[in-house]
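# Analysis of the macromolecular model
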Amino acid sequence: MSDNGHQNVTMITCTAPVNIAVIKYWGKRDEELILPINSSLSVTLHQDQLKTTTTIACSKSFQEDRIWLNGKEEDIRHPRLQSCLREIRRLARKRRNSGSPTSDVTSVSHKVHICSVNNFPTAAGLASSAAGYACLVYTLSQLFGVDGELSVVARQGSGSACRSLYGGFVQWKMGERSNGTDSVAEQVAPESHWPELRVLILVVSAEQKSVGSTSGMHTSVKTSDLLTYRADAVVPSRMEEMIGAIRQRNFAAFGELTMKDSNQFHATCLDTYPPIFYLNNISHKIISLVHRYNQHYGEIRVAYTFDAGPNAVIYTLQEHLPEFLQVVCHFFPPEVNGGEFLKGHPVHSSPLSEELKRAINLEPTAKGIRYIISTKVGPGPCVVEDPDLHLLGADGLPKKNA
Ligand code: DP6
């Protein structure tokens, strides 16, 4: 944290990761507190490839709370932003009143300036609200010296955000209480637990904007009997099995559960009335490709999952990554001169056998995939120590490029 002399601006910068669920959260029992109808489990992705960076400054001289997202000032009165600010300030006051020596006694009543950027294009259609709210809540907690149960606060920004407060493998326990104090995120295993696990994000070309998660799940809860069945009868045992598969690093079990859960989530979307379509023809083709690849080897080497959009997230092990990437490039030839096709963590090249191509037996679709991000499991939120990396200047306003 830095205190900029005469301006009396206190400032802190943190980063937070994206997470991708392998047991999906879909449906709320309380829309205000964001309490889910089922528990969920996700993998935290590495921040070298995907992260949100947030700087928050506070000063006696600031007139009002303000926020800038990806270079543009946004409305601070957004109800979910207000919930996070209110809850953190409440925790900070509670801590101050309990006489904790490390809490900053004055800053709680000061206004804040928040500036946040993603290191990945919003246009990629990757869920950025999880990293965004996790980063907001984590940075506020550092600024105000709050430790407590931060996942309860981040959850009130966006449900999936509570899982981005930890690295590695994270479960969000749905909880039972109506006030939500037991609806919390918990680490199942740290990022070092399964070092061979790899992630590819296949960014699919999509024409139309899909239905947002918040309104989509609202309609599903109101209309889908399949969703009720899923939450009551399927997810509880799946959570147990998934935690077991992760603890034992059993890829076949992890992959099968991941694919089945993604498929069931999209089935509940089709069962929603009117139905919601997140997958497109390219998504369907990726699903076939993965099954044919696994079929050829007689074991699950690769698994897919899809959120509220057509992009595929692929989980595999390091040993199978080079070949599978070649398979994807063969069946989805990239646009010539379309820029870098593979971004992120480098993957060494591997030959592709004619036998494998014949076994998969799909018609190649040129330009179906815009680009691929290669990444792995990563850590939770971090404090950025270098003051040069603050997104706000000493005047509390965004620096150029922030
Ligand atoms: C399909 O967390 O974006 O990605 O709580 O309304 O903000 P709100 O929804 P959000 O929903 C995420 C849905 C999902 C599955 C998942 O991440 O578990």
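Now for a description of the structure that goes with this document. (Residues numbered from 1 in each chain as written. Predicted model: local features only at pLDDT ≥ 70, side-chain atom pairs only at ≥ 80, totals over all residues. Heavy atoms only, no water.)

### Side note on the side chain of Thr15
- In this structure, Thr15 sits in strand β2 (residues 10-17).
- A polar contact of 2.6 Å, which involves the side chain of Thr15, links it to the side chain of Gln47. (Helix = DSSP H or I, 4+ residues; strand = E, 2+ residues; numbered from the N terminus. Polar contact = N/O pair within 3.5 Å; in protein donor to acceptor, adjacent residues only side chain to side chain.)

### Observations concerning unusual backbone geometry
- Cis peptide bonds are those with omega within 30 degrees of zero, and the linkage from Tyr273 to Pro274 qualifies with -5 degrees.
- Secondary-structure assignment places Pro274 in the loop between α6 (251-271) and α7 (281-297).
- Positioned with a positive phi, Ile34 is a non-glycine residue whose angle comes to about 55 degrees.
- Turning to its location among the elements, Ile34 is positioned in the loop between β4 (28-30) and β5 (35-36).
- The class of Ile34 is buried, set by a relative accessible area of 1%.
- Positive phi is not limited to glycine here, since Asn70 has a value of about 45 degrees. (Buried < 20%, exposed > 50% of the residue type's maximum accessible area, 1.4 Å probe, protein only.)

### Looking at the sheet that holds strand β13 (residues 197-204)
- In space, the five strands of this open sheet follow the order β14-β15-β13-β17-β16, with mixed pairing throughout. If you trace the sheet from one side to the other, it starts and ends with β14 (302-305) and β16 (342-344), each paired once. Strand-to-strand twist across the sheet, computed as the mean angle between neighbouring axes with direction ignored, equals 25 degrees.
- Alignment of β13 against strand β17 (residues 369-376), held across seven bridges, turns out to be antiparallel. Each bridged residue has a counterpart across the sheet, and for Leu200 the counterpart in β17 is Ser374. (Pairing = 2+ DSSP bridges. Axes fitted to C-alpha atoms, helices over the stretch in contact; angles between N-to-C directions.)

What is shown is where atoms sit, not what they do.
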